[in-house]
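Take a look at the letters that make up each chain.
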Amino acid sequence: MKKAMMAATAGLMAMAGAAFAEEEEMQPAEPVAQVGECKLMVAAPEMPDPKEATAEDRSATIGEIKAYQGKLNEYRECLTAVSENEELEVEPRQAALDEFNRTVKVETKMVEDWQKFDKKYKKENA
C-alpha cells in the first residue's frame with residue numbers, strides 16, 4: 001500500500017512539475033553531492049541516443065549541459081571557500097578539495113560524452 005501511495009504521489013509531483021519545467025529546473029529533494037554546507041542539487045545530463053535524437057533533443061541537451069555547468073560552478077565556489085578556510089580542520093578542507101577534483105572529472109566525462117554524441121548525431125543527420 002505504501003509503495004502504491006508513494007508511486008501515485010511521485011506521479012502527481014512529476015505532472016505538477018512538468019508544468020513548470022520550462023520556468024524552473026527540476027531538482028531532487030536530496031543533494032546529488034554534498035560536502036559540509038556545499039550542495040549540488042542536479043546531476044550531469046545524460047546524452048540522448050544519437051540515432052534517434054532530433055534537432056530539438058540536441059538543442060535541449062546543450063541547454064541542460066550549460067545549466068549543469070552553471071550549478072557546478074556555484075558548487076565549486078562553495079567547495080573552494082571551504083578548502084581555503086584556514087580556520088577549518090584539515091579533513092573538511094581536504095574533503096572539499098577532493099570533491100572539487102571529482103567534479104572536474106565528471107564535467108570532463110560529460111564533455112567527452114557530448115563530443116561523441118554530437119559526432120554520431122551529425123553523421124546520422126548528414
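Sequence positions are assigned chain by chain, starting from 1 and proceeding in written order. Predicted model: local features are reported for residues with pLDDT of at least 70 only, side-chain atom pairs are reported and counted for 80 or more only, and whole-chain, interface and lining totals are derived from all residues. Think of the side-chain values as coming from all heavy atoms in the structure, minus any hydrogens and water.

> Go over the overall build of the protein, please, and point to the residues and values.
Each helix is a run of DSSP H or I of at least 4 residues and each strand a run of E of at least 2, with the numbering of both proceeding from the N terminus. Scanning the protein for helices and strands turns up three helices and two strands. Starting at the N terminus, the α and β elements of the protein follow one another as α-β-β-α-α. Per-residue burial over the protein gives 21% buried out of 126 residues. A contact between two residues is defined here by any heavy atoms of the two lying within 4.5 Å. In the protein, 64% of the contacts between residues at least 6 apart in sequence involve partners at least 24 apart. We get accessible surface area from the Shrake-Rupley algorithm with a probe of 1.4 Å; when it comes to residues, only the shown protein chains can shield them. Per element, the accessible surface of the protein, about 9400 Å² overall, is 55% carbon and sulfur. Burial classification: accessible surface area is computed with a 1.4 Å probe over protein chains only, and a residue below 20% of its type maximum counts as buried, one above 50% as exposed, and the rest as partly exposed.

> Run through the state of the cysteines, naming residues and quoting values.
The definition used for a disulfide is geometric: two cysteine sulfur atoms within 2.5 Å. Across all of its chains, the model carries one disulfide by this definition. Note on cysteine connectivity: cysteine 38 is disulfide-linked to cysteine 78, with sulfurs 2.0 Å apart. The sign of the S-S torsion, about -85°, decides the handedness of the disulfide formed by cysteine 38 and cysteine 78: left-handed. Here cysteine 78 lies in helix 2 (residues 55-83) and cysteine 38 lies in strand 2 (residues 38-40), a separation of 40 residues in the sequence. Judged by its relative accessible area of 26%, cysteine 78 is partly exposed.

> Break down helix 2 for me, citing the residues and quoting the values.
Owing to its 3.6 residues per turn, the α-helix aligns residues three or four sequence positions apart on the same side. If you check helix 2, its first and last C-alpha atoms are 41 Å apart, about what 29 residues at 1.5 Å a residue would give, namely 42 Å. Within helix 2 the residues assigned to the buried category are Thr61, Ile65, Tyr68, Leu72, Tyr75, Arg76, Leu79, Val82 and Ser83. Those residues of helix 2 that are buried lie in contact with strand 1 (33-35), strand 2 and helix 3 (90-124). Here the expected span of a helix is defined as 1.5 Å times the quantity of residues minus one.

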